[in-house]
Amino acid sequence: MSRKLYRAVQTGVFLIVLGSFFLYENIAGQASTFAILWKYLPLIFVWIGLDKAVAYFVFPAEPAAARPFSLSPALLWIGLGIFLFLGTSGAVASFAAFLGNWWPVFLILTGLGKLVDHLLPGRSGRLLAGEVVFLIFMALTGITTQQLARLNLSKLPAFNLDNRKIHLRDLFQNSYRHTTEDKVPLGEAKTVSVVHSGGNLELAPAIGGEVVVIVDAKLYADSDKEAEKRFETFKLTTAADADTLRLTLPALRDENAAAEISGRVMVPPGVFLKVENNLGDVLLDGLSGAAEISVKSGSIKARQHKGALRLTNRYERITLESCEGEAILSGWDSDIKISDHSGNVSLDGKNGKIRIRNLKGDAKCVLQYAELDIKEVDGSVSIQAPQSTIVLGEIRGDADFDSTSESAYVENITGALKFKAKGSEIVLKGVTGAIDGEASSGEIRISSPGSSVTLKLQKVACHLDDAPGAVKIVNTLEDVTIDNAAGPVEIENQNAAIIFRSLPATAAGRFSATAQNGDIRFYLAKFPEGQRIQLTAEGGSITSDFAQPALQIDQQQRLARWQNFSGPPAQASLVCQTKYGDITFQREHDLEEE
């Protein structure tokens, strides 16, 4: 056979084989093009090796420079392609573990090629540089993976790849599966207690009066014999006392064994369920009846559950979706997410993110170092959360919070709002009910309240906009700014200013401002002639950018006084008193310049 004819045959066979693979996967496998390429790509290495082997035997008469020196490269290409194909096709559970055990095959293939070289005339039996580099690489890779396979990698964290959780031990160790299924009569028991030593656990409703327990184990072992020995004690333990059925899910007695154990427990409706899981996630799916779940390290998720819930965990998330009934949740270093829930909820925890949406019931939160985002609640909200950030919105009921927080943002509360805060930046918008708050240090901004505002502050910068109801504010060391208030307004401040950015044209409500060691400043478009004004500045001055007021100053008592009406002080609608501070009336553009 000439080399030209050989190339034509080789190309034709290659295209036939390649087309056959694609046709088979399209008809039988329903796989994507990428999946087909990934699965069969290693066979290209096999094809390269076969090509070299055929050339080695078919064209012996050609000059030495045009033919292969040794059969070993052909065998190595074929061996490498077969190894990779076993991994991409899923024929071996762990490719790394397979490579760690079988890498010496490449040494055997190289030696076999050298023996054939010595049997045929004109062939070279010496090791080539490329062969030496390849063998060293495979030996180092194989020995490394073999040593890793002997380690207990079960405690290493998993990583996500294409929304799949991948464990490092799956890459380096052989795994074996074992499944058990048990049916336990419920009898007279009204409580089912489930203990799981480690692994994910799913809880679902059962049909009839039996409790069904299905446990699936994935064990990492060096051999089938070792796996069978460890599975000998893999059995469900049951016990019954009084009105409680106790179930202990199967576990491997060898604590050093690396394994993944997942369970599914199906419980009849209306049974009180008590679950303890040391390590792993718990899912409640469609159950009815009270449940108490405790997980030391793992997430808890309840979906479409009807009945009271008490959930406790650490380090992972607690999730409620479309559930009904009272819920008591406790999570340390845990995130809590609640959506479409009917019933009161009580949260307790530390270091986590709290997100509540569409809650029909009251929410009570006792948290620390948390981030709270609570919106769309048909009920009251109560929060005690030191060192936390708070976001409240669309609360159709009363709300209160007590927090030493970084910030609190509250919007659209239809009920009353009470708060205590320290060192916080607080923003309140659209609170329909009365606002009653205490704060020290920080800043507070209130806009469009629907009712009265009462604040007791210390060292808090305060800004109030569009207040239609009564306002009473006491503060120290930071300015208080009032913009567009209907009155009555009563402001007291020490060692800082009181600022009015607008006043009603007529005396709709009494405005009273008292400042000690601070100024009272008005920034207005025009002088409020419709007000009955009484101004007193002790140890200070009264000045105006407008034509009024004309001042009368008592030099003996160092008093500056002015009023624009005749009558007793009780009839005044605007009363300003300062001690060691000034009273000024300025045009509003002066504030913009400042």
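Here the residue numbering is sequential within each chain, running from 1 through the sequence in written order. pLDDT decides what is reported in this predicted model: residues at 70 or higher carry local features, side-chain atom pairs at 80 or more are listed and counted, and totals for whole chains, interfaces and linings draw on all residues regardless. Note that water and hydrogens are dropped before the side-chain values are worked out from all heavy atoms of the structure.

K.L.:
What is the right way to look at the overall build of the protein chain in this model?
P.N.:
Only DSSP runs of H or I with at least four residues qualify as helices, and only runs of E with at least two residues qualify as strands; both kinds are numbered from the N terminus onward. For the protein chain, the count of helices and strands is 10 helices and 38 strands. Taken over 594 residues, the protein chain has a buried fraction of 42%. Contacts in the protein chain between residues far apart in sequence, at least 24 positions, make up 37% of those at least 6 positions apart. Here the term buried applies to any residue with accessible area under 20% of the maximum for its type, exposed to any over 50%, and partly exposed to those in between, with areas from a 1.4 Å probe on protein chains only. The contact criterion used is simple: two residues touch if any of their non-hydrogen atoms lie within 4.5 Å.

K.L.:
When you look at the packing of aromatic side chains in this model, what are you seeing that I'm missing?
P.N.:
For any two aromatic rings, the description comes down to two numbers: the centre-to-centre distance and the angle of the planes. Two rings belonging to Phe, Tyr or Trp (six-membered ring only in the last case) form a pair when the distance between their centres is within 6.5 Å. Interplanar angles under 30 degrees mark stacking, angles over 60 mark edge-to-face geometry, and anything in between is tilted. Applying the stated criterion across every chain, the model contains 10 aromatic pairs. Each ring, one from Phe 45 and one from Trp 77, has its centre 5.7 Å from the other, and the planes form 55 degrees; the classification is tilted. A residue pair is termed long-range when its members are at least 10 positions apart, and Phe 45 in helix H3 (residues 43-58) and Trp 77 in helix H4 (residues 72-88) qualify at 32 residues. Judged by relative accessible area, which is 30%, Trp 77 ranks as partly exposed. Note on Phe 106 and Phe 134: the rings are 5.5 Å apart at their centroids and 80 degrees apart in plane angle, and the pair reads as edge-to-face. In this pair, Phe 106 is assigned in helix H6 (residues 105-119) and Phe 134 in helix H7 (residues 129-149), connecting sequence segments 28 residues apart. Across the pair, exposure class does not vary: Phe 106 and Phe 134 are buried alike. Here a set of aromatic residues connected by ring pairs shows up, and it is made of Phe 500, Phe 511, Phe 522, Phe 527, Phe 546, Trp 562 and Phe 585.

K.L.:
What should I look at first to understand the environment of Cys 462 in this one?
P.N.:
Within the fold, Cys 462 resides in strand S26 (residues 453-467). Distance from Cys 462 to Glu 443, taken between C-alpha atoms, is 6.0 Å for residues 19 residues apart in sequence.

K.L.:
For this particular structure, what's the right way to read the pairing of strand S4 (residues 191-196)?
P.N.:
In summary, the side chains of a regular strand alternate between the two faces of the sheet. Burial runs high along S4: 5 of the 6 residues are buried. Two strands pair if DSSP finds at least two bridges between them. Pairing of S4 with strand S8 (residues 244-248), which is carried by 5 bridges, proceeds in the parallel orientation. Among the inter-strand pairings, Thr 191 is bridged to a residue of S8, identified as Thr 244.

K.L.:
Is there a simple way to think about the pattern of salt bridges in this case?
P.N.:
Close approach of charged atoms lets side chains of opposite charge pair. What makes a salt bridge here is a side-chain nitrogen of Lys or Arg within 4 Å of a carboxyl oxygen of Asp or Glu, nothing more. By the definition in use, this model includes 10 salt bridges. For Glu 321, the salt bridge identified is with Lys 301, shortest N-O distance 3.7 Å. Of the two residues, Glu 321 sits in strand S15 (residues 318-321) while Lys 301 sits in strand S13 (residues 300-303), which places them 20 residues apart along the sequence. Using a relative accessible area of 25% as the deciding quantity, one classes Glu 321 as partly exposed. Linking Asp 333 and Arg 314 is a salt bridge whose minimum nitrogen-to-oxygen distance equals 3.7 Å. Here Asp 333, found in the loop between strand S16 (327-332) and strand S17 (336-342), pairs with Arg 314, found in strand S14 (residues 309-314); they are 19 residues apart in sequence, far enough to count as distant. The class for Asp 333 is partly exposed, based on a relative accessible area of 30%.

K.L.:
What exactly am I supposed to notice about the side chain of Ser 334 here?
P.N.:
By secondary structure assignment, the location of Ser 334 is in the loop between S16 and S17. Taking the relative accessible area as the measure of exposure, Ser 334 reaches 2% and is therefore buried. Within 3.5 Å is the distance limit for a polar contact, defined as a pair of N or O atoms, with the added protein rule that one can donate a hydrogen and the other accept it, and that residues adjacent in sequence qualify only through two side-chain atoms. From its side chain, Ser 334 meets the backbone oxygen of Trp 332 in a polar contact 3.1 Å long. In this structure, Ser 334 is in contact with Asn 313, Arg 314, Tyr 315, Glu 316, Lys 350, Asn 351, Gly 352 and Lys 353, ignoring residues within four places of it in sequence.

K.L.:
Would you mind going over a positive patch on the surface with me for this structure?
P.N.:
A grouping of Arg 317, Lys 337, Lys 353, Arg 355 and Lys 375 is seen on the molecular surface, where their side chains present a positively charged patch. Among the secondary structure elements, Lys 337 is positioned in strand S17. Assessed through its relative accessible area of 31%, Lys 337 is described here as partly exposed. Here a patch means residues that are over 30% exposed by relative accessible area and free of salt bridges, tied together within 9 Å if like-charged and within 5 Å if nonpolar (Val, Leu, Ile, Met, Phe, Trp, Tyr). Using the Shrake-Rupley algorithm and a 1.4 Å probe, accessible areas are obtained, with residue cover drawn only from the displayed protein chains. Working convention for charge: Lys and Arg count positive, Asp and Glu count negative, and His plus the chain ends are omitted. Positions of charges follow a simple convention, taking NZ of Lys, CZ of Arg, CG of Asp or CD of Glu.

K.L.:
So what exactly am I meant to see when it comes to the packing of H4 against H6 here?
P.N.:
When two helices pack together, their arrangement is captured by the angle between the axes and the distance separating the axes. To define axes, lines are fitted to C-alpha atoms, for helices over the stretch in contact only, and angles between the resulting N-to-C directions are given on a 0 to 180 degree scale. Where H4 contacts H6, the axes come no closer than 8 Å and their chain directions differ by 155 degrees. Classified by the interaxial angle, the pair formed by H4 and H6 is roughly antiparallel. Along this stretch, H4 crosses H6, giving a crossing that reads as right-handed. Here H4 contributes Ser 72, Leu 75, Leu 76, Gly 79, Leu 80 and Phe 83 to the contact with H6, which in turn contributes Val 105, Phe 106, Leu 109, Thr 110, Leu 112, Gly 113 and Lys 114. Residue classes follow a fixed rule: Ala, Val, Leu, Ile, Met, Phe, Trp, Tyr, Cys and Pro count as nonpolar, while Asp, Glu, Lys and Arg count as charged, and any other residue, Gly among them, counts as polar. The residue inventory of the contact of H4 with H6, partitioned by class, reads 8 nonpolar, 4 polar and 1 charged. Just so you know how the angles are binned, under 35 degrees is roughly parallel, over 145 roughly antiparallel, 65 to 115 roughly perpendicular, and the rest oblique. Note: crossing handedness is left-handed where the near helix turns anticlockwise from the far helix by less than a right angle, and right-handed where it turns clockwise.

K.L.:
Looking at this model, I keep getting lost on the side chain of Thr 578. Mind explaining?
P.N.:
Tracing the chain through its elements places Thr 578 in strand S37 (residues 574-579). On the basis of relative accessible area, Thr 578 is assigned to the buried category, the value being 5%. In this view, Thr 578 contacts Ala 515, Gly 518, Ile 520, Thr 536, Ala 537, Glu 538 and Ile 583; residues no more than four positions away in its chain are not counted.

K.L.:
Hey, could you run me through H6 in this one?
P.N.:
Along an α-helix, a turn takes 3.6 residues, which lines up residues three or four apart on a common side. Each helix should span, by expectation, one fewer than its residue count multiplied by 1.5 Å. Helix length check: H6, at 15 residues, gives a terminal C-alpha distance of 21 Å against a target of 21 Å (1.5 Å per residue), a fit within 8%. Every buried residue belonging to H6 is among Phe 106, Leu 109, Thr 110, Gly 113, Lys 114, Val 116 and Asp 117, and all of these are buried. Across the axial projection of H6, the buried residues extend over an arc of 160 degrees, all falling on one side. Exposed residues on H6 whose side chains face more than 90 degrees from its buried face are Ile 108, Leu 115, His 118 and Leu 119. The directions considered for the arc are those from the helix axis to the C-beta atoms.

K.L.:
Quick question: what am I supposed to make of the pairing of strand S29 (residues 489-494) here?
P.N.:
Residues Val 489, Ile 491 and Asn 493 point to one face of S29 and are all buried, whereas Glu 490, Glu 492 and Gln 494, pointing to the other face, are not buried. The sheet contact formed by strand S27 (residues 471-476) and S29 spans 6 bridges and is parallel. Across the sheet, residue Asn 475 finds its bridge partner in S29, namely Asn 493. Bridging between S29 and strand S31 (residues 511-516) involves 6 bridges; their strand directions are parallel. Residue pairing in the sheet places Glu 490 in a bridge with Ser 512 of S31.

Everything listed here is a matter of coordinates, which is why it stays silent on function.
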